[in-house]
Protein chains: 2
Amino acid sequence: MDRLTTVIEDFTTIFIRLPSVRRFNFSTLSVLHTLARGGPMRLTDLLRTEQLKQPALTSLVAKLEQDGLVRRRPDPADGRAMLLSLTREGRQIVGSRHAHRVERLTHLIDQLTDDERAALAGATSVLTRLTEIAADDA
Amino acid sequence: MDRLTTVIEDFTTIFIRLPSVRRFNFSTLSVLHTLARGGPMRLTDLLRTEQLKQPALTSLVAKLEQDGLVRRRPDPADGRAMLLSLTREGRQIVGSRHAHRVERLTHLIDQLTDDERAALAGATSVLTRLTEIAADDA
DNA sequence: GGAAACAATATCAAATTTCGATGTAACTCA
DNA sequence: TGAGTTACATCGAAATTTGATATTGTTTCC
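Now for a description of the structure that goes with this document. All figures in this text were calculated on a predicted structure; none of them were measured in a lab.

About the criteria used
Residues numbered from 1 in each chain as written. Chains lettered and ligands numbered in written order. Predicted model: local features only at pLDDT ≥ 70, side-chain atom pairs only at ≥ 80, totals over all residues. Heavy atoms only, no water. Contact = heavy atoms within 4.5 Å. Buried area = accessible area lost by both parts, 1.4 Å probe. Salt bridge = Lys/Arg side-chain N within 4 Å of Asp/Glu carboxyl O. Polar contact = N/O pair within 3.5 Å; in protein donor to acceptor, adjacent residues only side chain to side chain. Helix = DSSP H or I, 4+ residues; strand = E, 2+ residues; numbered from the N terminus. Near = heavy atom within 4 Å.

## Things to note about the interface of chain B and chain A
Counting residues at the interface gives 54 residues for chain B, matched by 54 residues for chain A. Note on chain B versus chain A: buried area summed over both sides is about 5,300 Å², and carbon and sulfur give 68% of it. In terms of surface lost to chain A, no three residues of chain B exceed Glu9(B), Arg17(B) and Leu130(B), which account for 11% of the buried area on that side. Where chain B touches chain A, the interface holds 8 salt bridges. Between Arg37(A) and Asp10(B) there is a salt bridge, with the nearest N and O atoms lying 2.7 Å from each other. Across the chain B-chain A interface, the total number found is 12 residue pairs in polar contact (both at pLDDT 80 or more). For the side of chain B that touches chain A, the secondary structure elements donating two or more residues are helix H1 (2–16), helix H2 (26–38), helix H5 (88–109) and helix H6 (114–136) of chain B.

## Concerning the protein's contact with DNA strand D
Taken together, 22 residues surround DNA strand D, and among them Ser27(A), Thr44(B), Gln54(B), Arg72(B) and Arg80(B) come closest. Of everything in DNA strand D that lies within 4 Å of the protein, sugar and phosphate atoms constitute 66%. In this structure, a phosphate oxygen belonging to DNA strand D sits 3.2 Å away from a side-chain N or O atom of Arg23(B). Residue Met82(B) places a main-chain N or O atom 2.9 Å away from a phosphate oxygen belonging to DNA strand D. Among the secondary structure elements, those contributing two or more residues to the surface near DNA strand D are helix H4 (54–66) and strand S3 (78–86) of chain A together with helix H3 (43–49), helix H4 (54–66) and strand S3 (78–86) of chain B.

## Focus: the pattern of salt bridges
In this structure the tally under the stated criterion is 20 salt bridges over all chains. For Arg42(A), the salt bridge goes to Asp75(A), with nearest N and O atoms at 3.5 Å. One end of the pair, Arg42(A), is in strand S1 (residues 41–42); the other, Asp75(A), is in strand S2 (residues 70–75), with 33 residues separating them in the sequence. Salt bridges here are not isolated pairs; linked through shared partners, they connect Glu9(A), Asp10(A), Arg37(B) and Arg101(B).

Structure (structure tokens):
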């Protein structure tokens, strides 16, 4: 378990660091990613996953709206709340980063043996299960 | 490849977010982690992996030294350079976060079937290879 | 139906972090 | 030796984050 944890830690650091065309900081990228995954959600929901306090998130989202990456509209079900979602441009940024990762990972995997590739393929669905379990018992 | 990339992205977000006892920001945790892995290294070396400009890193390291987490000593081989390493306390912080992850991952893996566990185990060494390859061709 | 309690977000000033520009000292090498 | 380069430090300004608090809408419960 220790070995697996360690290698994930190391792999993660490699995987996260991507040259981004525009220079977004970590908080911004995380918000974009979460909105890309979680569909429209309220500020409070977003707050749960982001490592920011509410005022910081409010101001970050305000800037993203200014920049045309996030759309903010009132929640029809609750007059106090705002529904946040990505604009097309916001989705493009997340998509382009994803594409870069696919490319990078493809390049790495090209250098593996067939057996290694098979092992990795076998792990994909297990990783999916793990993230589901993690989401549930969080 | 797209599926694998996606699941790694999702798993990563889960894996990164850890309640830290003391409240360190992302940059700080990354520096501590890198120093824990990379042994004593110079500021410039550290700079390569961290997503900070040099003045920001200098001031971050200065604070970590103040707080007793990082040791700074002159590089005997180069009068301009400083060798940075973790103090015992610094190592303890990284170690404790690692321990938390092991614990969390153990808990998740407990919920898998035997087959799934086997698939994951098979992927461990492949992931190790991948990080090595990535380190080389970076 | 209305007041009290609560929840979601906004605002504001202060603290922290990061950056660009520039300085200083040490190293390289011709 | 001296011109060019490298490693790190310093400094003021810009950007980010926080805690405290305000505002507005919702829920509860009598």
